[in-house]
Amino acid sequence: MKDELLKIGLLDGQARATIAITTNLTDEARRIHSLSRVATAALGRMLTATVIISSDLKSDKDSVTCMIKGSGPLGTVLAVGDAKPSVKGYVGNPAVDLPRVNGKLPVGDAVGRDGTLTVIKDLGLKQPYSGRVNLVSGEIAEDFCQYFMVSEQTPSIVSLGVLTADKVKSAGGIVVQAMPNATDEAIRELELSSALFANISSIISECSADDMIRLMLGHLRPQTLERRAPKYECDCCVNRVQRAIISLGEDELLDMISSLESGENGDSIEVNCQFCDKKYNFTARDLQEILHDAKQER
């Protein structure tokens, strides 16, 4: 099944839903980062939530960064999305694996129940918007529910899931939100529907996107408003890596140049992109030119 993102109006405009099928992009992340099963499940959920949030961006230059720093062994779980929507991400410790509990991957234990979820929206303003909440469970869906309620004052139903073995069998999620004009009756109807959104990864593995709409939302008078194709995509390039090197500072750059010229660490340094694992190599001469250009721009 191809990856899809669908925006759906509900209850004659009193609510909305966003469904994201992210099986292929999650498997691409698994392949790039050599993720364990529990790391795949955690990052897949984070990528899905980020795709859904970033699908509301208006400009191609806007971006959303979602980051969990939990107390569990996975470390940082981070994803960045744009308006296309494309997404990229990584896990601090991708090899961490934990045994299943009652047949399920223990994402909450791997992420940790103590920590924070931070969402940063760069909308081209002077300062990015940043919202931070404490983790509820580390299961990620519940944590995004908390974020929408506390930081955006938008009560939301969030379901995220990844079904994985040697590769990702299915991944995706749904976010359902009441609009400001929603009546109490509409809100109750949404709340009563939340049980239909459980086990989202199993639903994705068995249904097409249109079947999912009928199965989960058919009683809420769904109206498909938009359909797009999300993907895993990294926009790293030599210029971005050079800017990252410059950010290390002049003293650090001079030390690196000296080390390369003396042959202590070979004839070049290798810089890996955290998101796609692409490798960039820089010689002492390259670093000298980077430092020279940075001084010229001051």
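Residues numbered from 1 in each chain as written. Predicted model: local features only at pLDDT ≥ 70, side-chain atom pairs only at ≥ 80, totals over all residues. Heavy atoms only, no water.

Trainee: Please explain the overall build of the protein chain as it appears in this structure.
Mentor: A count of helical and extended segments in the protein chain gives 10 helices and 13 strands. Over its C-alpha trace the protein chain gives a radius of gyration of 21 Å, about what one expects of a compact globule, namely 19 Å for 298 residues. The dimensions of the protein chain, computed from C-alpha atoms along their principal axes, are 70 × 45 × 35 Å. Counting every position in the protein chain, which comprises 298 residues, the buried fraction comes to 50%. (Helix = DSSP H or I, 4+ residues; strand = E, 2+ residues; numbered from the N terminus. Rg over C-alpha atoms; globule rule 2.2 N^0.38 Å. Buried < 20%, exposed > 50% of the residue type's maximum accessible area, 1.4 Å probe, protein only.)

Trainee: Please clarify how the packing of aromatic side chains should be interpreted in this entry.
Mentor: We describe a pair of aromatic rings using the distance from one ring centre to the other and the angle between the two ring planes. Inspection of the entire model under this criterion finds 2 aromatic pairs. Positioned over the ring face of Phe 275 is Lys 88, at 4.6 Å from the centre of the ring. (Phe/Tyr/Trp six-rings, centres within 6.5 Å; stacked < 30°, edge-to-face > 60°. Lys NZ or Arg CZ within 6 Å of the ring centre and 35° of its normal.)

Trainee: What's the story with the sheet that holds strand β8 (residues 156-164) in this structure? I'm lost.
Mentor: Either a parallel or an antiparallel arrangement is found when strands of a sheet pair, and the pairing is made through backbone hydrogen bonds. If you trace the 5 strands from one edge of the open sheet to the other, you get β8-β9-β2-β1-β10, paired in antiparallel fashion. Of all the strands in the sheet, the pair left with one neighbour each is β8 and β10 (223-228). Taken pair by pair, the neighbouring strands of this sheet meet at an average axis angle of 10°, ignoring direction. For strand β1 (residues 4-10) and strand β2 (residues 15-21), the ladder comprises 7 bridges, and the chain directions are antiparallel. Within β2, the position partnered with Glu 4 by the bridge is Ile 21. Strands in contact with helix α2 (residues 37-54) are β1, β2, β8 and β9 (168-178); relative to β8, the strand with the most contacts, it is inclined by about 140°. Running over the sheet, helix α7 (residues 209-217) touches β1, β2, β9 and β10 and is turned about 140° from β2. (Pairing = 2+ DSSP bridges. Axes fitted to C-alpha atoms, helices over the stretch in contact; angles between N-to-C directions. Contact = heavy atoms within 4.5 Å.)

Just geometry here; none of it tells us what the structure is for.
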